[in-house]
Amino acid sequence: MAGRVYIVGAGATKVGEHWDRSLRELAVEALLSAVKDAGIDKRDVEALYVGNMMSGMLQGQEHLGALVATWAGIPGAAACKIEAACGSGGVAVHQAYLAVASGLYDCVAVVGVEKMTDALPSDASAALATAEDQEYVVFTGATFVSLNALLYRLYLDRYGVKQEKVAAFPVHCHKMAVNNPYAQFRRAVTLEEVMASPLVADPLRLLECAPIGDGAAALILCSERYLKRNPRDELVEVAGTAVATDVLSAHERRDPLAVAALRRAVEAATRRAGVEVADIDVLEVHDAFSILGVLSLEARGEGWRLVEEGQLEPGGKIPTNTMGGLKARGHPVGATGVYQVFDLVVQLRGEAGANQVEGAELGMAQNFGGVASTVAVNVLRRAR
Amino acid sequence: MVWVESAPRAWREGTRRYRLIGGKCPSCGGLVYPHRQVCPYCGREGLEAVALPRRGRVVTYAVVRNPPRGFEGREPYVIAVVELEGGARVLAQLTDVRPEDVRVGMEVEAVFRRYREQSPSGVIEYGVKFRPAI
Amino acid sequence: MKFTATVGVAGYGAYVPAFRIKGEEISRVWGDAAPVREKSVPGPDEDSLTMAYEAAREALEMAGVRPEEVGAVLVGSESPPYAVKPSATVVAEALGVTPRVVAADLEFACRAGTTAMILVAGLVASGAIRHGLAIGADNAQARPGDELDYTAGAGAAAFLLSGDRSRLLAVLEHAYSFVTDTPDFWRREGESFPRHAHRFTGEPAYFRHVVSAARGLMEEAGLKPSDFDYVVFHQPNVRFPLRAAQLLGFREEQVKLGLLAGEIGNTYAAASLIGLARVLDHAKPGQRILVVSFGSGAGSDAISLVTTEVVGSRKSSLERLLARRAYVDYALYAKQKALLRVA
């Protein structure tokens, strides 16, 4: 029987273009902020998992475990990088959970970090495309955006839905981000602006795609035993966690729109948490592109209709991306899964201000690697 | 782009890329492109190598307007999922067609084209693209 | 040269890219009168090698010969994508005829295609191989604004030559080559575009070699112009082949079917061979065809063929390829020909 795992500290940098700060500085800032939030001695951290996708390509820097441990002043910790494309952060949380739940460690840190603005957009784009099959997909000149556009057209074509319905998703996210101090874009956009933005990979338009940005988010996870020695009031438990994969390239899946890895990961994580999907009070979905946001909601009904009815807002049926999601909070890819959990912690602690979901007890973060080729789902419960 | 120029990689994949060599699963009948050791659907090992049909239909497509390195100067170009006769799905570029003339369901046929140069002085990589059937 | 054993065309293929530019559009930019109505323009992802493959695959399919039965692949081109590294190996690999095959590239300006044909025919007639592919393919390069810019086209043609009489659509009778050292057109190593000697490319180069090769063949074979139903000349423009026909005593009707320069420009090593493919698509059994190439440097091959009773039973895709025409302006032409540097 796995031991219980709690999140006792959370920290993050604002997402944005941090020209003056390096990858390691962002990671250290988030980590130290989480340590401070936890109120612990950082030397208690026995293990460190760094969620990151592209440091090897954009900074020529691997070995992030030792690098971040060194710069954070915790050399000696069992540290390594966790990579699962844009799902790196969510998978890093999953691995940190396992490290504590196994009973091996009592206090573990997880940092998600990505520094994208060091590179030209074309190089960042090529680095993102490493999430896909290099020999048979990227070889064709496909960009990561265009692969999502393939799904988008398939969805519009199959269900006869108008693009405007799907393009409303980013409008929701921007509205939420206005009240999030950590968000990259704290401004609202209109549907008209989204539909008038330039085509990036038809049918996807610029304002339907999460931006390029830098950022780091960190969490401190600990065991019940550690918590007894270092008690604190506001507690969030990692109630269930799961990672699932799908056939790597969407076009090879029996049904490219099925998002099978998401279904599998949600099923496993909720089972482990002993909850139902309908019990979730706050949801974070992986809206790297508008279509992914909508597809992620399909388990709860027609995704676009939930957006249209305002059901994603605090007070709605299924409050989703209440801090802005990938689109507006920002999507520093390898950090995103950790940011999602950070945002849930804020909600479950009741610290979300104007965007607070009243009485939120259960949250779920869904983090994708590739075109939902890897899905990490983390279910959080408010604990006292 | 290629992160590390590699003649062996281009060479190794050449035949499968040039001749549309797919894999047929003896257990579930699944057809995949390219040929590989194990069926992604049922896990069966030992897929039979088959030359896939050269005609098919566009299932979905996207227009690339911000190309990655190695494809600069080609934009806008179209990538598509093509379902070949027999059911194998291939991701490939469409060629000899303007983006605005592409339709889902369009009948296409395989042609042999240049995909990318590993660098301006590097190996040129060729493979199958699809054009509107003529 | 007379082929003592039976050798002929069992299949053939032609390839012309989808794009065209009008002569008047080139005139709009550079100011001179265009010698052709329009010319073919390759797509941005095409080169002489990809076009060679398309033509060769069609030839192979038409012949009904299995790839592994092909004993030779010779690619004649003056515009290979690599300065060093054969196109023939890529074409052979893509066709599936590797590895037991005589494969090589030939370069002789616009003449290499017909020379490939004579060499492959020799291999077949000698019994060294059963079937072989001879290909002429070019993506002709010209300095923007040069005279050649008005005509430099792109295309390919391939002939599957075989000794199996039952398969043959046309039998090769005679060949005659005429070669001298004549510097009318050249490109030095490392240069992007060829140079030429203007009017010197006419009389001492094109006309002397074309006429001499055609006359040589007719004298050696005891044939006269009226013995031929069709004649195809190398076609750098429309005027030269018509003038050559006149000099040799051919009527315009014998030339017209195989004269495509006005529609697709000068396709260099493919030019006379695409003309031959056109003629074979329309020929009737028992007709005699004369093909005369020309390559700067300089030389001509004359080849005579007689169609068999099965000619016309199988046709190439040439007419469909000629019918599909997407017109580009000079800007798109420059983009597709990689005359604009972007990376």
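Now for a quick tour of the structure.

### Focus: the overall build of chain A
So, point 1. For chain A, the count of helices and strands is 15 helices and 11 strands.
So, point 2. Counting only C-alpha atoms and orienting by the principal axes, one finds that chain A spans roughly 60 × 45 × 40 Å.
So, point 3. Across the 384 residues of chain A, 67% fall into the buried class.
So, point 4. Counted over contacts in chain A with a minimum sequence separation of 6, partners at least 24 positions apart contribute 77%.

### Here's the deal with the interface of chain A and chain B
So, point 1. Residue-level contacts link 34 residues of chain A with 38 residues of chain B.
So, point 2. Summing the contributions of chain A and of chain B, the shared interface buries around 3300 Å²; its carbon and sulfur component is 56%.
So, point 3. The largest contributions to the chain A side of the interface with chain B come from Y136(A), F139(A) and H251(A), which together make up 24% of the buried area.
So, point 4. Here chain A and chain B share five salt bridges between them.
So, point 5. With its nearest N and O atoms 2.8 Å apart, the salt bridge here joins R9(B) to E135(A).
So, point 6. Linking chain A with chain B are 17 residue pairs in polar contact (both at pLDDT 80 or more).
So, point 7. Going through the elements one at a time, helix 5 (121-128), helix 6 (144-159) and strand 5 (199-202) of chain A are the ones with two or more residues in the side of chain A that touches chain B.
So, point 8. For the side of chain A that touches chain B, the element with the most residues is helix 6 of chain A, which contributes seven residues.
So, point 9. Of the residues belonging to the side of chain A that touches chain B, the class tally is 18 nonpolar, eight polar and eight charged.

### Describing the packing of aromatic side chains
So, point 1. Under the counting rule described, the total for this entry stands at 19 aromatic pairs over all chains.
So, point 2. Between Y18(B) and F112(B), the ring centres sit 5.1 Å apart and the planes meet at 90 degrees, which makes this aromatic pair edge-to-face. Placement of the pair is Y18(B) in helix 1 (residues 7-19) and F112(B) in strand 7 (residues 107-117), with a sequence separation of 94 residues.
So, point 3. Taking relative accessible area as the criterion, Y18(B) reaches 12% and is therefore assigned buried.
So, point 4. The buried category is assigned to F112(B), whose relative accessible area is 1%.
So, point 5. Here the aromatic residues Y18(B), F112(B), Y126(B) and Y53(C) are joined through ring pairs into a cluster of three or more.
So, point 6. The aromatic ring of F185(A) is capped on one face by R187(A), whose charged end is 5.9 Å from the ring centroid.
So, point 7. For the cation-ring pair, K22(C) lies above Y327(C), with the distance from its terminal atom to the ring centre recorded as 4.4 Å.

### Let's talk about the interface of chain C and chain B
So, point 1. Between chain C and chain B, the residue contacts involve 26 residues of the former and 23 residues of the latter.
So, point 2. Surface buried jointly by chain C and chain B totals about 2100 Å² across both partners, of which 53% is contributed by carbon and sulfur atoms.
So, point 3. Where chain C packs against chain B, one counts six salt bridges.
So, point 4. The interface formed by chain C and chain B includes 16 residue pairs in polar contact (both at pLDDT 80 or more).
So, point 5. Those elements giving two or more residues to the side of chain C that touches chain B turn out to be helix 2 (48-63), helix 3 (87-95) and helix 10 (318-323) of chain C.

### Observations regarding the arrangement of the chains
So, point 1. The top pair by number of contacts, from a total of two pairs of chains in contact, is chains A and B.
So, point 2. Where chain A comes nearest to chain C, the C-alpha atoms are still 12 Å apart, and the two do not contact one another.

### Points about the sheet that holds strand 2 (residues 31-32) of chain B
Residues and elements named next belong to chain B.
So, point 1. Taken in spatial order, the three strands make up an open sheet running 2-1-3, and their pairing is antiparallel. Strands with a single pairing partner mark the edges of an open sheet, and in this sheet they are strand 2 and strand 3 (48-51).
So, point 2. When strand 1 (residues 21-24) meets strand 2, the two strands line up antiparallel, connected through two bridges. Across the sheet, residue K24 finds its bridge partner in strand 2, namely L31.

### Considering the side chain of S87(C)
Residues and elements named next belong to chain C.
So, point 1. Examined against the element boundaries, S87 turns out to sit in helix 3.
So, point 2. On the basis of relative accessibility, which here comes to 4%, the residue S87 falls in the buried class.
So, point 3. Each residue touching S87, except ones within four places of it in the same chain, is listed here: L49, V75, P80, P81 and D105.

### Focus on the packing of helix 4 (residues 112-125) of chain C against helix 9 (residues 271-282) of chain C
Residue and element names in this part refer to chain C.
So, point 1. Interhelical geometry of helix 4 versus helix 9 gives an angle of 65 degrees and a closest axis separation of 7 Å. Our classification of the angle between helix 4 and helix 9 gives roughly perpendicular. Side by side, helix 4 and helix 9 meet where G113, T114 and M117 of the first sit next to S272, L273 and L276 of the second.

### Concerning the pattern of salt bridges
So, point 1. Here the structure, examined in full by the defined rule, presents 55 salt bridges over all chains.
So, point 2. A salt bridge links E93(C) to R19(B); the shortest N-O distance between them is 3.5 Å. Residue E93(C) is found in helix 3, and its partner R19(B) is found in helix 1; the two belong to separate chains.
So, point 3. Given the relative accessible area of 26%, E93(C) is considered partly exposed.

Scoring rules and cut-offs
Residues numbered from 1 in each chain as written. Chains lettered and ligands numbered in written order. Predicted model: local features only at pLDDT ≥ 70, side-chain atom pairs only at ≥ 80, totals over all residues. Heavy atoms only, no water. Helix = DSSP H or I, 4+ residues; strand = E, 2+ residues; numbered from the N terminus. Buried < 20%, exposed > 50% of the residue type's maximum accessible area, 1.4 Å probe, protein only. Contact = heavy atoms within 4.5 Å. Buried area = accessible area lost by both parts, 1.4 Å probe. Salt bridge = Lys/Arg side-chain N within 4 Å of Asp/Glu carboxyl O. Polar contact = N/O pair within 3.5 Å; in protein donor to acceptor, adjacent residues only side chain to side chain. Nonpolar A, V, L, I, M, F, W, Y, C, P; charged D, E, K, R; others polar. Phe/Tyr/Trp six-rings, centres within 6.5 Å; stacked < 30°, edge-to-face > 60°. Lys NZ or Arg CZ within 6 Å of the ring centre and 35° of its normal. Pairing = 2+ DSSP bridges. Axes fitted to C-alpha atoms, helices over the stretch in contact; angles between N-to-C directions. Parallel < 35°, antiparallel > 145°, perpendicular 65-115°, else oblique.

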